[in-house]
Amino acid sequence: MKPRASATVTVKVLKLGEAKQVTNKDGSLHKVSDVLVGDDTGSILMSLWDDNIGKVSENDVIDVNNGYVSVVRGSMRLTLGREGKMEKSTQTIENVNTENNLSDKKVEDTGYRGGGFRRSYRRY
């Protein structure tokens, strides 16, 4: 996975993070939870927002279609974005490579604000 790339992947849910309440720029309240997911190639934190938080449990295998890799404070995150979908998969994942956690690697947010890229973190 690369920053600012679309992502269609099948991953196993390894650990659920605690839901936190955040305030959007427009003043609306949302909940967000970082969930550790991965497969045999590596792992990454996936940010789940609002209603999607309760849709997964530890050890679930999920298909993420049209997701998005964002950069939040120098750390990559998988998110559904506005267009992404998530559903439980019929596939199984036995082994997950947690040694290659992409969220642990610091990346530079090289996007720019005009024209081509959106901000690295979006509120949904």
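A few points about the overall build of the protein chain
Part 1 of the argument: Regarding its fold elements, the protein chain presents 0 helices and 7 strands.
Part 2 of the argument: Order of helices (α) and strands (β) in the protein chain, N terminus to C terminus: β-β-β-β-β-β-β.
Part 3 of the argument: Buried residues in the protein chain amount to 44% of all 124 residues.
Part 4 of the argument: Taking as baseline every contact in the protein chain between residues at least 6 positions apart, the subset at least 24 positions apart corresponds to 66%.
Part 5 of the argument: Of the roughly 7,600 Å² of accessible surface on the protein chain, a fraction of 44% belongs to carbon and sulfur atoms.

A few points about the environment of Ile 53
Part 1 of the argument: Along the chain, the position of Ile 53 falls in the loop between strand E4 (42–49) and strand E5 (61–72).
Part 2 of the argument: Remark: the alpha-carbon pair of Ile 53 and Ser 33, spanning 20 residues in sequence, is separated by 6.5 Å.
Part 3 of the argument: Apart from the residues within four sequence positions on either side, Ile 53 is in contact with Ala 19, Lys 31, Val 32, Ser 33 and Leu 48.

Here's the deal with the pattern of salt bridges
Part 1 of the argument: One pass over the full model with this rule turns up 2 salt bridges.
Part 2 of the argument: Across the salt bridge formed by Asp 60 and Lys 88, the nearest N and O atoms sit 3.5 Å from each other. One end of the pair, Asp 60, is in the loop between E4 and E5; the other, Lys 88, is in strand E7 (residues 85–88), and 28 residues separate them in sequence.
Part 3 of the argument: Taking the relative accessible area as the measure of exposure, Lys 88 reaches 54% and is therefore exposed.

Considering the environment of Asp 50
Part 1 of the argument: Tracing the backbone through its elements, the reader meets Asp 50 in the loop between E4 and E5.
Part 2 of the argument: On a C-alpha basis, the gap between Asp 50 and Lys 20 in space is 9.8 Å, while along the polypeptide they are 30 residues apart.
Part 3 of the argument: Within the structure, the side chain of Asp 50 is placed 2.8 Å from the backbone nitrogen of Lys 31, a separation counted as a polar contact.

Quick word on unusual backbone geometry
Part 1 of the argument: Despite not being glycine, Asn 59 has its phi angle at roughly 80°, a positive value.
Part 2 of the argument: Relative to the helices and strands, Asn 59 is located in the loop between E4 and E5.
Part 3 of the argument: Of note in the backbone geometry, Asn 66 takes a positive phi value of approximately 60° without being a glycine.
Part 4 of the argument: Residue classification places Asn 66 among the partly exposed positions, given a relative accessible area of 41%.

Some points on the confidence of the model for the protein chain
Part 1 of the argument: Looking at the protein chain as a whole, its pLDDT mean stands at 85, while 84% of the residues score no less than 70.
Part 2 of the argument: Low pLDDT, under 50, characterises residues 112–124; the stretch is placed with 27 contacts to residues that sit more than four places away or in other chains.

Focus on the nonpolar core
Part 1 of the argument: Formed by 18 residues in total, the largest nonpolar core has its most connected members in Val 37, Met 46, Ile 62, Val 64, Leu 78 and Met 86.
Part 2 of the argument: Of all elements in the fold, only strand E1 (6–15), strand E3 (29–39), E4, E5 and strand E6 (75–79) reach the threshold of two or more residues within this core.
Part 3 of the argument: Residues within four places of Val 64 in sequence aside, it is in contact with Ala 7, Thr 8, Val 9, Val 11, Met 46, Leu 78, Leu 80 and Lys 85.

Some words on the side chain of Asp 39
Part 1 of the argument: Relative to the helices and strands, Asp 39 is located in strand E3.
Part 2 of the argument: One buried charge, Asp 39, has no salt-bridge partner; the nearest side chain with opposite charge is Lys 105, at 12 Å.
Part 3 of the argument: Reaching out from Asp 39, the side chain makes a polar contact with the side chain of Thr 41 at a distance of 2.6 Å.
Part 4 of the argument: Setting aside anything within four residues of it in sequence, one finds Asp 39 in contact with Thr 10, Ile 93, Asn 95, Val 96 and Asn 97.

Parameters and conventions
Here the residue numbers are simple positions, counted from 1 along each chain's written sequence. Local features are withheld for residues below a pLDDT of 70 in this predicted model, meaning they are given only at 70 or higher, and side-chain atom pairs are given and counted only at 80 or more; totals for whole chains, interfaces and linings count all residues. Side-chain measures here rest on the full set of heavy atoms in the structure, leaving out hydrogens and waters. Secondary structure elements are taken from DSSP: a helix is a run of H or I of four residues or more, a strand is a run of E of two residues or more, and numbering for both begins at the N terminus. Residue exposure (1.4 Å probe, protein chains only): buried if accessible area is under 20% of the type maximum, exposed if over 50%, otherwise partly exposed. By the convention used here, residues are in contact when the closest approach between their heavy atoms is within 4.5 Å. For accessible areas, the Shrake-Rupley method is used with a probe of radius 1.4 Å. Any residue's cover is judged against the shown protein chains and nothing else. Salt bridge, as used here, is a side-chain nitrogen of Lys or Arg placed within 4 Å of a carboxyl oxygen of Asp or Glu. Think of a polar contact as two N or O atoms within 3.5 Å of one another; within protein, one of them needs to be a possible hydrogen donor and the other a possible acceptor, and neighboring residues in sequence only count if both atoms come from side chains. The score called pLDDT rates the predictor's confidence residue by residue, from a low of 0 to a high of 100. Remark: nonpolar core denotes a set of buried residues (Ala, Val, Leu, Ile, Met, Phe, Trp, Tyr, Cys) joined through side-chain atoms within 4.5 Å. A residue counts as positive if it is Lys or Arg and as negative if it is Asp or Glu; His and the chain ends are not included.

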